[in-house]
Amino acid sequence: MRLGFIGFGAMGKPMAEHLLRAGHELSVWSRRPASADFLLARGATWCASPAAVARASEIVCTNVTGSADVEALAGELAQGFSPGGIHLDFSTIAPDAARRIAAMYAGGGVDFVDAPVSGGSGGAQAATLSIMWGGKLCEAVSPGGTALATRLQPIFEVLGKTIVRVGEVGAGQVAKACNQMVMVAAIEACAEAARLAEAAGVDFAKVRSAMLGGSAGSRVLEVFGGRMAAREFAPGVEARLHHKDYALLMDEAVKIGVALPVSAAVWQQLNALMGSGWGRDDSSSLLRVLEAGTEPDPAR
């Protein structure tokens, strides 16, 4: 396929590499041209603008930071897309932003698909991502009247292990919000467990080992709990990204009037983390937020 790709961060870089390695033609653009050099060396084609990427591509994939970034790119891509083009966005953005972009494209016969991913940079490198997407189900789109899901499958199968169409445009972002709620709440729970063990004078590394074999065992306890036990706060996932995701989901909850009491508490801990200057460290730094707030009694 003739694909475009924009966004070469910790997630986008390995995803683009997988697509190129799978035999797809790749046209690329970046605000920082040097960030695409590794792809150009492997046969990708540089384009002078997002519009040029769209002109060269059947489907353009984007993976950038936030809603405003995707909306700005969509405005430029729209100038280059032909009818039947697809903008496949892997970013985590607001559901309303996804719907606005889809509406903007609709008049030109272009489809927008919101397909946020879960699995972190490790999942991106291993091509084992969970992809939760929103878009048309059976609507036939050109070229050739091929159904949207069928056109997307050659991309999804290269990048992910679990692919689920959740619903219409915006549904993928709702699914990602739910994913982040559960995951980051679990990171906070790990931090609180580590803090309790520390304050009680018990080795959290041993506590964690016991927990991993029980009903509390989870990927979050394994990865983020492991970082807490080792006190290794270098980023696997930068906390600022989880903070951004929580801002989106809490905003969505306010708009539709849904009470999220646990998420609200976690949101405040993420705010405290950001206020402490740890936004570019790992989200396991939620442990340091707890430690900064309550020092153990030395008399214990």
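Up top is the structure.
What counts, and at which threshold
In this numbering scheme, every chain counts its residues from 1 along its sequence in written order. With the structure being a predicted model, the display of local features is reserved for residues of pLDDT at least 70 and the display and counting of side-chain atom pairs for 80 or more, all residues being used for whole-chain, interface and lining totals. Where side-chain values are given, they derive from all heavy atoms of the structure, hydrogens and water being excluded. Here a strand is any run of E in DSSP of at least two residues, a helix any run of H or I of at least four, and the numbering for each starts at the N terminus. The atom set for the radius of gyration is the C-alpha atoms, and the globule formula is 2.2 Å times the number of residues raised to the power 0.38. Burial classes follow relative accessibility: with a 1.4 Å probe on protein chains only, a residue under 20% of its type's maximum area counts as buried, one over 50% as exposed, and anything between as partly exposed. Two residues qualify as a contact provided that any one of their heavy atoms is within 4.5 Å of a heavy atom in the partner residue. The term salt bridge refers to a side-chain nitrogen of Lys or Arg lying within 4 Å of a carboxyl oxygen of Asp or Glu. Whenever a nitrogen or oxygen atom comes within 3.5 Å of another N or O atom, the pair is scored as a polar contact, on the condition that within protein one atom can donate a hydrogen and the other can accept it, and that pairs from neighbouring residues in sequence are kept only if both atoms are in side chains. Each cavity reported here is a set of points on a 1 Å grid over the protein atoms alone in which a 1.4 Å probe fits but cannot get out, each pocket an open set with protein on both sides within 12 Å along at least five of seven lines, and each lining residue one with an atom within 4 Å of a point. Grid points are joined across faces, edges and corners, and a volume is the space filled by probe spheres set on the points. For this classification, Asp, Glu, Lys and Arg are treated as charged, while Ala, Val, Leu, Ile, Met, Phe, Trp, Tyr, Cys and Pro are nonpolar and the rest, including Gly, are polar. Among the buried residues, those of types Ala, Val, Leu, Ile, Met, Phe, Trp, Tyr and Cys that are joined through side-chain atoms within 4.5 Å form a nonpolar core. What a helix is expected to span follows from its residue count: subtract one and scale by 1.5 Å. Directions from the helix axis toward the C-beta atoms define the arc.

**Student:** Is there a simple way to explain the overall build of the chain in this structure?
**Tutor:** The number of helices and strands found in the chain is 13 helices and eleven strands. Relative to the globule expectation of 19 Å for 300 residues, the C-alpha radius of gyration of the chain, 21 Å, shows essentially globular dimensions. Dimensions of the chain along its principal axes, counting C-alpha atoms only, are 75 × 45 × 35 Å. Within the chain, buried positions represent 49% of all 300 residues. Within the chain, contacts between residues at least 6 apart in sequence are counted, and of these 69% link residues at least 24 apart.

**Student:** Whenever I open this one, the pattern of salt bridges confuses me. Can you help?
**Tutor:** A side chain with one charge can pair with a side chain of the opposite charge if their charged atoms come near. A full pass over the atoms with the stated rule returns 15 salt bridges. Measuring nitrogen to oxygen at the nearest pair gives 2.4 Å for the salt bridge that ties Glu238 to Arg240. Take Arg240: its relative accessible area is 28%, and that puts it in the partly exposed class.

**Student:** Looking at this model, I keep getting lost on the environment of Thr150. Mind explaining?
**Tutor:** In this fold, Thr150 is placed in helix H7 (residues 148–159). Placed 57 residues apart in sequence, Thr150 and Val207 show a C-alpha to C-alpha distance of 47 Å.

**Student:** So what exactly am I meant to see when it comes to the side chain of Gln173 here?
**Tutor:** Here Gln173 shows up in helix H8 (residues 171–199). On the basis of relative accessibility, which here comes to 2%, the residue Gln173 falls in the buried class. At 3.0 Å, the side chain of Gln173 and the backbone nitrogen of Ile93 are in polar contact.

**Student:** In this structure, what is going on with the layout of surface pockets? I would like to understand it.
**Tutor:** Take a probe with the size of a water molecule and roll it over the atoms, and the empty space left behind shows itself. Computed from the structure, the largest pocket encloses a volume of approximately 1,500 Å³. Broken down by secondary-structure element, the contributors of at least two residues to the lining of the largest pocket are helix H4 (67–77), strand S7 (117–118), helix H6 (120–126), strand S8 (129–134), H8, helix H10 (219–230) and helix H11 (239–256). Classifying every residue of the lining of the largest pocket gives 18 nonpolar, 21 polar and eleven charged. By volume, the second largest pocket amounts to about 230 Å³. Taken together, 18 residues make up the lining of the second largest pocket; nearest its centre are Val174, Ala177, Met181, Leu249 and Glu252. Broken down by secondary-structure element, the contributors of at least two residues to the lining of the second largest pocket are H8 and H11. Its residues assigned to classes, the lining of the second largest pocket shows twelve nonpolar, three polar and three charged.

**Student:** Could you clarify how one ought to interpret the nonpolar core in this entry?
**Tutor:** Soluble, globular proteins show a tendency: their nonpolar side chains are buried together. Ranked by size, the top nonpolar core spans 32 residues in total, and within it Leu88 and Phe90 carry the most contacts. For this core, the elements supplying multiple residues, two or more each, are strand S1 (2–6), helix H1 (12–21), strand S2 (25–28), helix H2 (37–40), strand S4 (59–62), strand S5 (86–89), S8 and H7. Examining the composition of this core, we find that six residues originate from one element, H7, more than from any other. Every residue in contact with Leu88, bar those within four places of it in the chain, is listed here: Ile59, Val60, Cys61, Thr62, Val113, Ala115, Leu152, Ile155 and Phe156. Judged by nonpolar contacts, the second largest core, of 27 residues, contains Val220, Tyr246, Val266 and Trp267.

**Student:** Looking at this structure, how should I read helix H5 (residues 95–106)?
**Tutor:** Three- or four-residue spacings in an α-helix give side chains the same orientation, since the helix completes a turn every 3.6 residues. Between the first and last C-alpha of H5 there are 17 Å, a value that for twelve residues agrees with the 16 Å anticipated at 1.5 Å per step. Where H5 is concerned, the buried positions are Pro95, Ala97, Ala98, Ile101, Ala102 and Tyr105. Projection of H5 onto a plane perpendicular to its axis shows the buried side chains occupying an angular sector of 160°, all on one side. Pointing more than 90 degrees away from the buried face of H5 are the exposed residues Ala103 and Ala106.

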